[in-house]
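Descriptive analysis of the structure
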Amino acid sequence: MIAFAIKRFVQALGVMLVVALISFMMFRFVGDPVNQLVGVDTPPAERAALREALGLNDPVMLQFGRFVVKAAQFDFGISYQFKQPVASLIASRLPATLELSFVSALFALAVGVPMGVYTGLYRNTLLARGFLAVSLIGVSLPTFLIGILLIFAVSVNLGWLPSFGRGETVNLGGVWNTGLLTKSGLQSLILPSITLGLFQMTLIMRLVRGEMLEVLRTDYIKFARARGLSRRAINFGHALKNTLVPVITITGLQLGSIIAFAIITETVFQWPGMGLLFLQAVQNVDIPIMAAYLLLIAFLFVTINFIVDLLYVAVDPRIRIGGRTAG
Amino acid sequence: MTPALSVRNLRIEIPTRRGVLTAIDDLSFDIAPGEVLGMVGESGAGKSITGSAVIGLLEPPGRVAGGEIHLAGERIDHLPPERMRHIRGKRIGMIFQDPLTSLNPLYRIGDQLVETIMTHQRMTTAEARDKAQRLLEEVGIPAAKTRLSSYPHQFSGGMRQRVVIALALAADPELVIADEPTTALDVSVQAQIIALLKRLCAERGAAVMLITHDMGVIAETADRVCVLYAGRLAELGPVRDVVKHPQHPYTIGLMSAIPSLTGDPDEALAQIPGSMPRLGAIPAGCAFNPRCGYRFDPCTVERPPPYDAGAGEAACFLHAPAFARQAPAETLRQADAAGIQLSIPNGEAAR
Ligand SMILES: Nc1ncnc2c1ncn2[C@@H]1O[C@H](COP(=O)(O)OP(=O)(O)OP(=O)(O)O)[C@@H](O)[C@H]1O
Ligand SMILES: [Mg+2]
């Protein structure tokens, strides 16, 4: 188990280094950083001094090493457009994105799994067919359209929920602005979460349904029935647990994409998160922010993957043995 | 004595897009308490589906369309699902072919046993664990106490089938259905598993319905044999008689197709020409008639019911005096030579 964890950890480090290299190269190949920092009328001597001060004349490997060391300490340099440390800019936006993403994932799971189980168990009922039809819409409509439709229906026509922003936030310990503790904050979360989580919800529902159908056909379910176990024990004990491994995988991987694709939802709902920050950065060629965002997203993906791998092991005893012999 | 299991005129239908298939047609047999009934027949003959019907687990759309199933005198084929569930595992135990896939891979052996025991018996978890350990010891698993917390993949195939047997016997059922319990196992452990199953059921006085392709297993284990052909009874009788003096032409063919250790290894095995018909294409009259060397007029027209034949019964017109009289003398002579005990006097056969 420990060996397995260490192996995965080393792999994760490797992935992070590769991503770091890519972000580092953005600095070198997308425009000259000095030009971004100074005005048009800055004399060449001053530019040269700045170039020397930024270490841009050092060997590339040294510069990359310095970049990695700094990044590991959350030092991503100064934003070109805001003239502020990138780290603090991102830190101020991170809570908004993470809260939105986790609530979306929670919504996707809390609705998707029961719907999947239901449609798997009672696949011929009218309700199950209805769920499937609705899920098809969820998969095929683009996120921004769903968001706009929701705003139109719920905010504009019915006036029930706010259509943009985060509502009131409460500052926790000076580092985390949460919208989860105020009424307006929670209300503001509903529409964006549904928009962002809908696709994942239908994905999870279809996944759970497919897995359920598969598992219900297996010999051990047949044998469980022959032993006279109750329907509940069979469906939710034996069958559902066996569908969990793929569900954990997909949910984990999807959590990464939720965070990454929050960009679109954040734009539609003017949600003050990292996605919005990133879009502004792209428009203004603000490389430090783009590089930091890239690294951060990669870091989240890698971390989630790592946790998912460990979760597998907790659910499926066969992987435990496999990991031991392999590691 | 009331039979442990009594199946009367069972008919199982499977509605499909191309019409309703009759998988089992007018099948009747009994199993006495403590008796082992062997079920044999080619692949697709309907052995497994009969077992599933008895335990109430026919795969939809299959359904019992006629006849009755009695367990110790009580009719069980029309019970509501929830009552049938309490019979499954408690009064009827079932063992499937593949021990590798019969156990849930995510649960410890002990937990699967405790779950089964506690479903059917009022017990505390501690008592159920004790019983689980005793069951594992009974099926011959060494270090039973520590093995309770093992997962299925940590056992060999033979050991897993022992666990499956322990699970099937957990609530001391009065009937055990074993559907090819050793087919998936290594030859070297097959005999052990069969012997174990037979001993445990004998100790408990449980009746056994043993489904298998292996006539050797039947000859050693079963008290009586039921031979199925295309979903119908071909022959039913005491095992020695059916093996040594088969009375149905199909059984005769089946027996001579078995290699024997004492026979001449160079001699080619007899083979029944043709193959068993698919369910949708069962011929009129006797299902076996196109492949039968003793076929005569009524065989292609009318379906033979089981007649008394030798020490058992066989669904063949040669055993019905009224029909056998119409048979050509040559056919009767051949049948007699093949060991079929004709029910008409010898003089008439020669006529
Ligand atoms: N869902 C179904 N649809 C159509 N035919 C079916 C279905 N289920 C079973 N059958 C048919 O029912 C017949 C009996 O099948 P069964 O599994 O009982 O055979 P078996 O004697 O156990 O054979 P084997 O020795 O291969 O296990 C077969 O001809 C099979 O094709
Ligand atoms: Mg079978």
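Nothing here was measured: the structure is a model prediction, and the numbers come from that model.

For the rest of this paragraph, the subject is the overall build of chain A. Regarding its fold elements, chain A presents 13 helices and 2 strands. The principal-axis extent of the C-alpha atoms belonging to chain A is close to 85 × 60 × 35 Å. Expressed as a percentage of the 327 residues in chain A, the buried residues total 43%. Considering only intrachain contacts with a sequence separation of at least 6, the fraction spanning at least 24 residues in chain A is 71%. Total accessible area on chain A stands at roughly 16400 Å², and carbon and sulfur atoms take up 70% of it. Here chain A contributes 25 positive and 15 negative side-chain charges, whose respective centroids are spaced 17 Å apart.

Before going further, it helps to examine the sheet that holds strand E7 (residues 175-179) of chain B. Residue and element names in this part refer to chain B. Strand order in the open sheet formed by 8 strands is E6-E7-E8-E3-E9-E10-E12-E11, with mixed pairing between adjacent strands. Lying at the two open borders of the sheet, with one neighbouring strand each, are strand E6 (92-95) and strand E11 (307-309). Between one strand and the next, the sheet's axes are offset by a mean angle of 25°, whatever the strand orientation. Direction of pairing for E11 relative to strand E12 (residues 312-314): antiparallel, over a ladder of 3 bridges. Residue pairing across strands places alanine 309 opposite glycine 312, the latter belonging to E12.

Feature annotation in UniProt places "transmembrane region" (unreviewed entry) on residues 12-30, 100-119, 131-154, 189-208, 244-269 and 289-315 of chain A, given in this structure's numbering. For residues 289-315 of chain A, the end-to-end C-alpha separation is 39 Å, with 100% helix and 0% strand making up the annotated structure.

Moving on: the layout of surface pockets. Roughly 1300 Å³ of internal volume is contained in the largest pocket. For the largest pocket, the lining is made up of 34 residues, of which Arg225 and Arg231 of chain A together with Leu57, Leu58 and Pro60 of chain B are closest to its centre. It is helix H2 (residues 81-87) of chain B that contributes the most residues to the lining of the largest pocket, 4 residues altogether. Looking at the lining of the largest pocket, its residues break down into 17 nonpolar, 7 polar and 10 charged. Considering only enclosed or pocket space, the second largest pocket measures out at about 680 Å³ in volume. Along the wall of the second largest pocket there are 23 residues; nearest its centre are Phe27, Pro33, Leu54, Leu56 and Lys70 of chain A. Elements supplying a minimum of two residues to the lining of the second largest pocket: helix H1 (2-29), helix H2 (33-37) and helix H4 (60-72) of chain A. In terms of residues, the lining of the second largest pocket owes the most to one element, H4 of chain A, which gives 5 residues.

Our next topic: the UniProt feature "domain: ABC transporter" (unreviewed entry) in chain B. As recorded in UniProt, the feature "domain: ABC transporter" (unreviewed entry) lies at residues 5-255 of chain B. Spanning residues 5-255 of chain B, this segment combines 40% helix with 27% strand, and its end C-alpha atoms are found 27 Å apart.

Residue and element names in this part refer to chain A. Note that glycine 138 resides in helix H6 (residues 126-140). Note on glycine 138: relative accessible area 4%, which makes it buried. Spatially, the C-alpha atom of glycine 138 lies 8.8 Å from that of leucine 203, the residues being 65 residues apart in sequence. Once residues within four sequence positions are removed from consideration, glycine 138 is found in contact with Ile146, Leu198, Phe199 and Thr202.

On to the side chain of threonine 251 of chain B, then. On the secondary structure map, threonine 251 of chain B appears in helix H11 (residues 249-256). Other than its neighbours up to four places away in sequence, threonine 251 of chain B contacts Val227, Glu235, Val242 and Pro246 of chain B.

Quick look at the packing of aromatic side chains now. A complete count under the given rule lists 12 aromatic pairs over all chains for this structure. For the pair phenylalanine 24 of chain A and phenylalanine 67 of chain A, a centre-to-centre distance of 5.7 Å together with 45° between the ring planes defines the contact as tilted. Of this pair, phenylalanine 24 of chain A sits in helix H1 while phenylalanine 67 of chain A sits in helix H4, placing them 43 residues apart in sequence. Given the relative accessible area of 15%, phenylalanine 67 of chain A is considered buried. Here the aromatic rings of tyrosine 250 of chain B and phenylalanine 288 of chain B are separated by 5.3 Å at their centres, their planes lie at 65°, and the arrangement is edge-to-face. Placement of tyrosine 250 of chain B in helix H11 and of phenylalanine 288 of chain B in the loop between H11 and E11 is noted, with a sequence separation of 38 residues between them. By the ring-pair criterion, three or more aromatic residues cluster together here, those being Phe24, Phe64 and Phe67 of chain A.

As a further point, take the site of ligand 1. Residues and elements named next belong to chain B. All residues adjacent to ligand 1 are Ile14, Glu42, Ser43, Gly44, Ala45, Gly46, Lys47, Ser48, Ile49, Glu180, His213 and Leu279. The separation between an oxygen atom of ligand 1 and a polar main-chain atom of glycine 44 is 2.8 Å. Separating an oxygen atom of ligand 1 from a backbone N or O atom of glycine 46 is a distance of 3.0 Å. When ligand 1 is considered free in solution it has 640 Å² of accessible area, and contact with the protein chains removes 63% of it. Here the shell around ligand 1 takes 3 residues from helix H1 (residues 47-55), the largest share from any one element. Residue composition of the shell around ligand 1, by class: 4 nonpolar, 5 polar and 3 charged.

Here the focus is the sheet that holds strand E1 (residues 5-16) of chain B. All names here are of chain B. Taken in spatial order, the 4 strands of this open sheet run E2-E1-E4-E5, and their pairing is antiparallel. This sheet does not close on itself; its edge strands, each paired only once, are strand E2 (19-31) and strand E5 (74-75). When E1 meets E2, the two strands line up antiparallel, connected through 9 bridges. Bridge pairing links isoleucine 12 to isoleucine 24 in E2. Packed onto the sheet, H1 meets E1, E2 and strand E4 (63-71) and runs at close to 110° relative to E1.

Here we take up the interface of chain A and chain B. Taken residue by residue, the interface counts 22 residues in chain A and 28 residues in chain B. Note on chain A versus chain B: buried area summed over both sides is about 2200 Å², and carbon and sulfur give 62% of it. On the chain A side of the contact with chain B, Phe223, Ala226 and Arg227 of chain A bury the most area, a combined 29% of that side's loss. Applying the counting criterion to the chain A and chain B interface returns 0 salt bridges. The interface formed by chain A and chain B includes 12 residue pairs in polar contact (both at pLDDT 80 or more). Looking at the side of chain A that touches chain B, the elements with two or more residues in it are helix H9 (219-226), helix H10 (231-268) and helix H13 (317-326) of chain A.

Criteria and cut-off values
- Residues numbered from 1 in each chain as written.
- Chains lettered and ligands numbered in written order.
- Predicted model: local features only at pLDDT ≥ 70, side-chain atom pairs only at ≥ 80, totals over all residues.
- Heavy atoms only, no water.
- Helix = DSSP H or I, 4+ residues; strand = E, 2+ residues; numbered from the N terminus.
- Buried < 20%, exposed > 50% of the residue type's maximum accessible area, 1.4 Å probe, protein only.
- Contact = heavy atoms within 4.5 Å.
- Areas by Shrake-Rupley, 256 points an atom, 1.4 Å probe, with all protein chains shown as cover.
- Lys, Arg positive; Asp, Glu negative; His and termini not counted.
- Charge placed at Lys NZ, Arg CZ, Asp CG, Glu CD.
- Pairing = 2+ DSSP bridges.
- Axes fitted to C-alpha atoms, helices over the stretch in contact; angles between N-to-C directions.
- UniProt positions renumbered as here; feature names shortened; annotations may be inferred.
- 1 Å grid on protein atoms, 1.4 Å probe; cavity = no way out; pocket = protein on both sides within 12 Å on 5 of 7 lines; lining within 4 Å.
- Points joined across faces, edges and corners; volume = space filled by probe spheres on them.
- Nonpolar A, V, L, I, M, F, W, Y, C, P; charged D, E, K, R; others polar.
- Phe/Tyr/Trp six-rings, centres within 6.5 Å; stacked < 30°, edge-to-face > 60°.
- Near = heavy atom within 4 Å.
- Polar contact = N/O pair within 3.5 Å; in protein donor to acceptor, adjacent residues only side chain to side chain.
- Buried area = accessible area lost by both parts, 1.4 Å probe.
- Salt bridge = Lys/Arg side-chain N within 4 Å of Asp/Glu carboxyl O.

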